[in-house]
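# Chain and residue survey
Chain by chain, the residues:
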Amino acid sequence: MTDIPAEKENPVEKENPVEKENPVEKENPVEKENPVEKENPAESVTAPKEIQGAPEGQKAVEPSRVAVKTGIATRYWLELMPYPAGSERSLWLFVNDDWRHLDDPDPGTQVSVQDAFCRCSERLEVLVWYSEDVIKGLVVKTT
């Protein structure tokens, strides 16, 4: 019997030239450390940060801290012309013992509110969501 030395190279175990340098395993420049993360690693940002010098319309909006309330409108007043001059015309609804306004109402909203008060007030009512004196939304619904 012949001994096979253990030191001999096994051709199967030879290094595969394809495996020497796999381009997929190279460092991806996208995966490099983000310099922003180095500044404060404890801070986790999931939304874009405010851009310095951005126009007012693109700045972050603070959530409203004023509660939104609801109520049923009992009277309405539609401005045909803006008052005072230079302002937007408004639809005013009397809700919870005070007047609330919706600036620049679209034609569909105007017609729906007028129908609720003029044509079939016994079947329709206007449910209003408001914050302070500003109407945030409304629905004309059946009673």
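Up top you'll find the structure we're talking about.
Residues numbered from 1 in each chain as written. Predicted model: local features only at pLDDT ≥ 70, side-chain atom pairs only at ≥ 80, totals over all residues. Heavy atoms only, no water.

## Quick look at the overall build of the chain
What counts is decided by this rule: Where helices and strands are cited, they refer to DSSP runs of H or I of at least four residues and of E of at least two residues respectively, numbered from the N terminus. Exposure classes here rest on a 1.4 Å probe applied to the protein chains alone. A residue is buried below 20% of its type maximum, exposed above 50%, and partly exposed in between. Should any heavy atoms of two residues lie within 4.5 Å, those residues are considered in contact.
Within the chain one finds 3 helices and 5 strands. Going from N to C terminus, the chain has its helices and strands arranged as α-α-β-β-β-α-β-β. Residue burial in the chain is summarised as follows: out of 143 residues, 20% are buried. Looking at the chain alone, contacts between residues at least 24 apart form 41% of all its contacts between residues at least 6 apart.

## Observations regarding unusual backbone geometry
Note the cis peptide between Tyr 83 and Pro 84, where omega equals -5°. Structurally, Pro 84 is set in the loop between β1 (69–78) and β2 (90–95). With a phi close to 65°, Asp 97 is a non-glycine residue in the positive phi region. Among the secondary structure elements, Asp 97 is positioned in the loop between β2 and β3 (98–103). One non-glycine residue, Glu 132, lies in positive phi territory at about 60°.

## Some points on helix α3 (residues 107–118)
Put simply, the rule reads: Here a helix's expected span is defined as the number of its residues, less one, multiplied by 1.5 Å. Each C-beta atom gives one direction from the helix axis, and the arc is the one those directions make. N or O atoms closer than or at 3.5 Å make up a polar contact, with two conditions inside protein: a donor-capable atom paired with an acceptor-capable one, and, for residues adjacent in sequence, both atoms drawn from side chains.
Along its 12 residues, α3 runs 16 Å from first to last C-alpha, staying within 8% of the 16 Å computed at 1.5 Å per residue. Those residues of α3 not exposed but buried are Thr 109, Gln 110, Val 113 and Ala 116. Mapping the buried residues of α3 onto a view down its axis gives an arc of 135°, with all of them on the same face. Turned more than 90 degrees off the buried face of α3, the exposed positions are Pro 107 and Cys 118. Along its buried surface, α3 packs onto β1, β2, β3, β4 (124–131) and β5 (134–142). With a side-chain oxygen lying 3.1 Å from the backbone nitrogen of Gly 108, the N-terminal cap of α3 falls on Asp 106.

## Things to note about the pattern of salt bridges
Using the following cut-off: Just to be clear on terms, a salt bridge is a Lys or Arg side-chain nitrogen sitting within 4 Å of an Asp or Glu carboxyl oxygen.
In total, this model carries 2 salt bridges according to the counting rule given. For Arg 100, the salt bridge identified is with Asp 98, shortest N-O distance 3.8 Å. Of the charged contacts in the structure, one is a salt bridge between Lys 141 and Glu 125, with a shortest N-O distance of 3.5 Å. One end of the pair, Lys 141, is in strand β5; the other, Glu 125, is in strand β4, with 16 residues separating them in the sequence. Its relative accessible area of 33% is what places Lys 141 among the partly exposed residues.

## Observations regarding the pairing of β1
Quick reminder of the rule: Pairing between strands is defined by DSSP: at least two bridges between the two strands are required.
Inspection of the sheet shows β1 paired to β4 by 5 bridges, in the antiparallel sense. Looking at β4, one finds that Gly 71 is bridged to Val 128. Here β1 pairs with β2 via 5 bridges, running antiparallel. Its bridge partner being in β2, Tyr 76 is matched across the sheet by Leu 93.

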